[in-house]
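# Observations on the three-dimensional arrangement
Now for the letters of each chain:
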Amino acid sequence: MAVEGGMKCVKFLLYVLLLAFCAFAVGLIAVGIGAQLVLNQTITPGATPGSLLPVVIIAVGAFLFLVAFVGCCGACKENYCLMITFAIFLSLIMLVEVAAAIAGYVFRDKVISEFNKDFRQQMQNYPKNNHTALILDRMQEDFKCCGAANYTDWEKILMVTKRVPDSCCVNVTQGCGINFNMEDIHTEGCVERIGGWLRNKMLVVAAAALGIAFVEVLGIIFACCLVKSIRSGYEVM
């Protein structure tokens with residue numbers, strides 16, 4: 001009877017973890033989509049380590065939700081095969097999350113390098129492409145920065161001295177970037193400002209992935225305990 005009571009407790013805790021996994025899965029999908037939207041505005045799309053990371057996060061989130069559903073069905077029906085499947089796939093997800101967290105940390109500087117290259121390319125298109133101009137203006141306003149390295153980068157693009165986009169101004173008004181005073185514009189470059197923001201966000205995501213992986217270890221342990229109980233023929237209804 002003591003074993004039966006213990007398995008009931010394990011089964012209840014497993015249900016709690018499964019609900020947590022569903023919440024984690026939805027959170028990972030949301031974070032992945034948000035990261036993809038941010039990268040689409042800052043980095044030219046392509047198969048690079050930095051730009052692929054959000055796709056991995058979304059895929060892991062979707063797969064974790066599916067695996068949590070399998071685990072819920074297996075625990076409810078006390079099905080040996082479903083619980084084994086749940087434990088194996090959860091182990092795989094944990095390994096992928098740990099790998100993604102390590103990749104996010106290792107390639108954080110690669111993302112900054114890509115952003116620097118693409119930001120300068122987009123600056124070249126600023127006078128010719130209204131869509132690019134809108135994106136850069138919004139980035140400069142939101143992050144309170146100007147140019148790639150600093151505000152002087154715009155002199156090479158606009159071919160005019162003492163001229164920056166109006167979005168560089170502290171108080172944005174039409175024509176404020178013409179013959180500006182230094183105290184009236186943001187002088188820090190966007191690569192350093194936005195790059196630091198991206199780096200910090202990637203570290204947060206990596207830390208969250210490691211935290212989720214720790215909880216998944218508990219889920220694997222509880223699933224294995226329940227599998228052992230089912231295999232031994234104990235009743236845990």
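Only a predicted model underlies this, so the values are computations on that prediction, with no experimental measurement involved. (Residues numbered from 1 in each chain as written. Predicted model: local features only at pLDDT ≥ 70, side-chain atom pairs only at ≥ 80, totals over all residues. Heavy atoms only, no water.)

Quick look at the overall build of the chain now. A count of helices and strands for the chain gives seven helices and zero strands. Reading the chain from its N end, one meets helices and strands in the order α-α-α-α-α-α-α. Radius of gyration (C-alpha) of the chain: 25 Å, far over the 18 Å computed for a compact globule of 237 residues. Considering only C-alpha atoms, the chain reaches an extent of 85 × 30 × 25 Å along its principal axes. Counting across all 237 residues of the chain, residues that qualify as buried make up 41%. (Helix = DSSP H or I, 4+ residues; strand = E, 2+ residues; numbered from the N terminus. Rg over C-alpha atoms; globule rule 2.2 N^0.38 Å. Buried < 20%, exposed > 50% of the residue type's maximum accessible area, 1.4 Å probe, protein only.)

What follows covers the nonpolar core. For soluble globular proteins, the rule of thumb is that nonpolar side chains tend to be buried together. Formed by 58 residues in total, the largest nonpolar core has its most connected members in Leu-14, Phe-21, Met-83, Phe-86, Phe-119, Trp-154 and Val-164. When contributions to this core are tallied by element, the ones reaching two or more residues are helix 1 (2-42), helix 2 (49-77), helix 3 (80-106), helix 4 (108-125), helix 5 (130-143), helix 6 (153-158) and helix 7 (190-232). No other element matches the 14 residues that helix 7 contributes to this core. Leaving out residues up to four positions away in the same chain, Phe-86 has contacts with Leu-14, Leu-18, Phe-21, Val-67, Ala-68, Gly-71, Gly-219 and Ala-223. (Core = buried A, V, L, I, M, F, W, Y, C linked by side-chain atoms within 4.5 Å. Contact = heavy atoms within 4.5 Å.)

Below, the discussion takes up helix 5. With 14 residues, helix 5 should cover 20 Å at 1.5 Å per step; its first-to-last C-alpha distance of 20 Å lies within 8% of that length. The set of residues buried in helix 5 consists of Thr-132, Ala-133, Ile-135, Leu-136, Asp-137, Met-139 and Gln-140. With a side-chain oxygen lying 2.9 Å from the backbone nitrogen of His-131, the N-terminal cap of helix 5 falls on Asn-129. Directly after helix 5, the chain includes Lys-144, whose backbone phi takes a positive value near 55°. (Expected span 1.5 Å × (residues − 1). Polar contact = N/O pair within 3.5 Å; in protein donor to acceptor, adjacent residues only side chain to side chain.)

Between helix 4 and helix 7, whose axes approach to 9 Å, the crossing angle comes to 150°. Note that helix 4 runs across helix 7; the crossing there is right-handed. For the pair helix 4 and helix 7, the contacting residues are Arg-108, Asp-109, Val-111, Ile-112, Phe-115, Asn-116 and Phe-119 in the first and Cys-190, Val-191, Ile-194, Gly-195, Leu-198, Arg-199, Met-202 and Leu-203 in the second. Of the residues belonging to the contact of helix 4 with helix 7, the class tally is ten nonpolar, two polar and three charged. (Axes fitted to C-alpha atoms, helices over the stretch in contact; angles between N-to-C directions. Left-handed = near helix turned anticlockwise from the far one by under 90°. Nonpolar A, V, L, I, M, F, W, Y, C, P; charged D, E, K, R; others polar.)

Let's shift gears to a nonpolar patch on the surface. A cluster of nonpolar side chains, namely Phe-63, Leu-66, Tyr-80, Ile-84, Ile-88, Phe-89, Leu-92 and Leu-95, defines an oily patch on the protein surface of about 680 Å² accessible area. Counting residues per element, the ones that place at least two in the nonpolar patch are helix 2 and helix 3. Of all the elements, helix 3 adds the most residues to the nonpolar patch, at six residues. In this fold, Leu-66 is placed in helix 2. What makes Leu-66 partly exposed here is its relative accessible area of 48%. (Patch = residues over 30% accessible without salt bridge, like charges linked within 9 Å, V, L, I, M, F, W, Y side chains within 5 Å. Areas by Shrake-Rupley, 256 points an atom, 1.4 Å probe, with all protein chains shown as cover. Salt bridge = Lys/Arg side-chain N within 4 Å of Asp/Glu carboxyl O.)

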